[in-house]
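Working through the structure, step by step
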Amino acid sequence: GRLPGVGEVEASDCGRMLALDVGCGAGRDMVLMARMLGAGWKVAGLDNDAGAMQRAEELAQREGVAAQIETVHIELRKDSLPSHLSRAHLVHGCRFLDRRQLPYIRDEVLRESGLFVWCTFLQGTPRVRNGRSLERGELRRIFVEEVPPDDAFEVLADFEGELYTGGSYIGASFFAAFKPPKGMVA
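As the structure is a computational prediction, the values presented were derived from the model and not from experiment.

Digging into the overall build of the protein chain
Helix and strand counts for the protein chain stand at four helices and seven strands. N-terminal to C-terminal, the α/β element order of the protein chain is β-α-β-α-β-β-α-β-α-β-β. Contacts in the protein chain between residues far apart in sequence, at least 24 positions, make up 65% of those at least 6 positions apart. Surface exposure of the protein chain reaches about 9,500 Å², of which carbon and sulfur atoms provide 50%.

Take a look at the structure:
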């Protein structure tokens, strides 16, 4: 099935919808998104590891979605997002966190009627530095509580679970939200 809201987003000027995989690593989620979303979508993977970007491109080629993807070697903590990627219909992140970027993604990167989907580790879990892990309820605060009521996102999912990483399960937060058009109260 489709995610709630996917049918409601409008195509970009180039006729294709844009999904970003922030901190994509070797491209597993980026390639899966390209396959699941279909040819009407361009999926851009962003990461600062050049070796991982090369592996992501090779994976996309093997999986037959290379024409749908773009890899962008970027240090998001320092560099600006290329302008052609600045109005995404879907922003996804998994196992990555730079909390300073989240308001920027909320306000500038994700277009109206877009979807924000994120999962990453929770603070207090073993083997994860607190600077790279979420506080409980942090994404809800950023996307709902810290914005004017007319700009609040509609939360589609907000729960805790586990991510399998490095041979063990680690506590994680899973969050999905819809950015309503201006003037539409969620």
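On we go from here.
What about the environment of Ser-83?
Locating Ser-83 in the fold gives a position in the loop between strand 3 (69-73) and strand 4 (88-94). On a C-alpha basis, the gap between Ser-83 and Val-109 in space is 9.5 Å, while along the polypeptide they are 26 residues apart.

Remarks on empty space enclosed by the protein
Evaluated as defined, the whole model comprises one cavity of 30 Å³ or more. There is about 80 Å³ of room inside the largest cavity. In this structure, the largest cavity is lined by Leu-20, Val-22, Leu-46, Leu-76, Leu-81, Val-91, Gln-101, Tyr-104, Ile-105 and Val-109. The set of elements that each furnish at least two residues to the lining of the largest cavity consists of strand 1 (17-22) and helix 3 (102-109).

Thoughts on the confidence of the model for the protein chain
Looking at the protein chain as a whole, the pLDDT averages 88, with 89% of positions reaching at least 70. Within the model, the stretch residues 1-13 combines pLDDT values under 50 with 24 contacts to residues more than four positions away or in other chains.

Structural notes on the pattern of salt bridges
The tally for this structure, following the rule as stated, stands at ten salt bridges. With a closest N to O distance of 2.8 Å, Glu-138 and Arg-99 form a salt bridge. Highlighted residues: Glu-138 in helix 4 (residues 138-145) and Arg-99 in the loop between strand 4 and helix 3, separated in sequence by 39 residues. Glu-138 sits in the buried class, given a relative accessible area of 7%.

Notes on the pairing of strand 2 (residues 41-47)
The two faces of a sheet get side chains in turn, since along a regular strand they alternate between them. Of all the seven residues making up strand 2, six are buried; the element is thus mostly covered by neighbouring parts of the structure. Pairing of strand 1 with strand 2 involves six bridges; the strand directions are parallel. Within strand 2, the residue paired with Asp-21 across the bridge is Gly-45. One crossover worth recording links strand 1 to the parallel strand 2 by way of helix 1 (residues 28-37), and it is right-handed. Following the backbone out of strand 2, through helix 2 (residues 50-62) and into the adjacent parallel strand 3, one traces a crossover that is right-handed.

Let's talk about the sheet that holds strand 6 (residues 154-165)
The seven strands are arranged 3-2-1-4-5-7-6 in an open sheet whose pairing can be described as mixed. Looking along the sheet, the strands with just one partner apiece sit at the ends: strand 3 and strand 6. The sheet shows a mean angle of 15° between the axes of neighbouring strands, taken without regard to direction.

Description of helix 1
Since one α-helical turn is 3.6 residues long, residues separated by three or four positions face the same way. Burial in helix 1 covers these residues: Asp-29, Met-30, Val-31, Met-33, Ala-34 and Leu-37. Residues of helix 1 that are buried in the fold lie against strand 1, strand 2, helix 2, strand 3 and strand 4. Remark: Gly-38 follows helix 1 within two positions and exhibits a positive phi of approximately 95°.

The rules we used
- Residues numbered from 1 in each chain as written.
- Predicted model: local features only at pLDDT ≥ 70, side-chain atom pairs only at ≥ 80, totals over all residues.
- Heavy atoms only, no water.
- Helix = DSSP H or I, 4+ residues; strand = E, 2+ residues; numbered from the N terminus.
- Contact = heavy atoms within 4.5 Å.
- Areas by Shrake-Rupley, 256 points an atom, 1.4 Å probe, with all protein chains shown as cover.
- 1 Å grid on protein atoms, 1.4 Å probe; cavity = no way out; pocket = protein on both sides within 12 Å on 5 of 7 lines; lining within 4 Å.
- Points joined across faces, edges and corners; volume = space filled by probe spheres on them.
- pLDDT = per-residue confidence, 0-100.
- Salt bridge = Lys/Arg side-chain N within 4 Å of Asp/Glu carboxyl O.
- Buried < 20%, exposed > 50% of the residue type's maximum accessible area, 1.4 Å probe, protein only.
- Pairing = 2+ DSSP bridges.
- Right-handed = clockwise from strand over helix to strand, strands pointing away.
- Axes fitted to C-alpha atoms, helices over the stretch in contact; angles between N-to-C directions.

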